[in-house]
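A structural walkthrough
Each chain, written out:
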Amino acid sequence: MKISVIIPMYNEEDNVQRTLQEVNNSLKDYKNYEILAVNDGSKDNTYKLLKEFSSENQKVRVLQNPTNMGMGRALRTGFENATGDIVVTIDADLSYSADHIIKLTSELINDESIDMVVGSPYMEGGAVKNVPFVRLFISKVANLFVGFSIPGDLSTVTSVLRAYKKEVLDSLELESNGTEINLEILSKVNANHFRIKEVPAVLEGRKLGQSKLKFKAKTITHVLFSFHEKPMMLFGVVGFILCFIGIISAIYLFYQYLMGTLDPTRPLMLFMAIMIISGIQILMFGFVATQISLLKREVYIIQKENKLLKKKIKE
């Protein structure tokens, strides 16, 4: 089976030589493979170094986005140009060592029932080394929060370290340009009932270059994605809190009634009614949004069938 390794790169001149060499070395036992380095509009010497390396190694293909369009767009460029039966994605700084490529690929080769493999440093057997505490804390919280909205009970949902059957990627209608593409893929893979397997991985801190990750933007997009996938995470919590406040107010007013000190003209009476009614309405909005989310999953299935049909017509 042919393996395609996709490496999105943006201003990674310090990592180009090392990353491509290590990825290439990890695949030395395979004859049928390709390395797709996607330059996402870098402003340094990344593209120049990629071209120099590829000129001396026929296994390396360099793809170019005209401007910096985001990790999602870079990965999609790689997906569209990959010719392998198995597609592996990995970070440009090798936060996950190149040895993981074979580990993930072997899972797909040895078990045909698996459609996608996710490398996880947070599951049993995984590990994290030399990662700053703040980054690690944010990453763990993000994976716990976002993971709650995605079926499958995965320990890691934001990692780019993954292996896919090419036919799975070909069946998905992907739209994201940013890091949320990793979440979009999981959502659509689950909706189409593809089988996902999680395997232990070792995450290491960046050794060369600077991280391009913008924590604020990533946090916002991931939170919005979670609410989009599971609306009751927002509507349910808010609605419950409002109802709870209204019920507590009602209990207090009832206590005053029993004690004979209740004043019907108190603003607390109106406040209680507003809280309970608002809470119920928001819970109803959450129910409607959940139904829309379920319909969206049906749309994903239709999109898959349409893509497969178009592919058959072309063939």
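Residues numbered from 1 in each chain as written. Predicted model: local features only at pLDDT ≥ 70, side-chain atom pairs only at ≥ 80, totals over all residues. Heavy atoms only, no water.

Going by an unreviewed UniProt entry, the protein carries the name Putative glycosyltransferase CsbB and comes from Methanobacterium congolense.

**Regarding the domain arrangement of the protein**
According to the domain assignment, the protein contains domain 1 (3-227) and domain 2 (231-314). The C-alpha-based centres of domain 1 and domain 2 are spaced at 37 Å. Taken together, the 15 residues of domain 1 in the interface contact 11 residues of domain 2. With both sides pooled, the region where domain 1 packs onto domain 2 buries about 1400 Å², and carbon together with sulfur makes up 60% of that total. Counting every contact that joins domain 1 to domain 2 gives 0 salt bridges. At the boundary of domain 1 and domain 2, one finds 0 residue pairs in polar contact (both at pLDDT 80 or more). Residue assignment for the side of domain 1 that touches domain 2 shows that the elements contributing at least two residues are helix H5 (133-149), helix H7 (181-191) and helix H8 (215-229). When the residues that make up the side of domain 1 that touches domain 2 are grouped by side-chain class, the tally is 7 nonpolar, 5 polar and 3 charged. (Domains from an automatic or database assignment. Contact = heavy atoms within 4.5 Å. Buried area = accessible area lost by both parts, 1.4 Å probe. Salt bridge = Lys/Arg side-chain N within 4 Å of Asp/Glu carboxyl O. Polar contact = N/O pair within 3.5 Å; in protein donor to acceptor, adjacent residues only side chain to side chain. Helix = DSSP H or I, 4+ residues; strand = E, 2+ residues; numbered from the N terminus. Nonpolar A, V, L, I, M, F, W, Y, C, P; charged D, E, K, R; others polar.)

**Brief notes about the packing of helix H9 (residues 232-259) against helix H10 (residues 267-314)**
Where H9 meets H10, the axes come as close as 7 Å, and the angle between the chain directions of the two elements is 155°. With respect to their mutual orientation, H9 and H10 come out roughly antiparallel. Regarding H9 and H10, the two cross each other, and that crossing is left-handed. Residue composition of the contact of H9 with H10, by class: 23 nonpolar, 8 polar and no charged. (Axes fitted to C-alpha atoms, helices over the stretch in contact; angles between N-to-C directions. Parallel < 35°, antiparallel > 145°, perpendicular 65-115°, else oblique. Left-handed = near helix turned anticlockwise from the far one by under 90°.)

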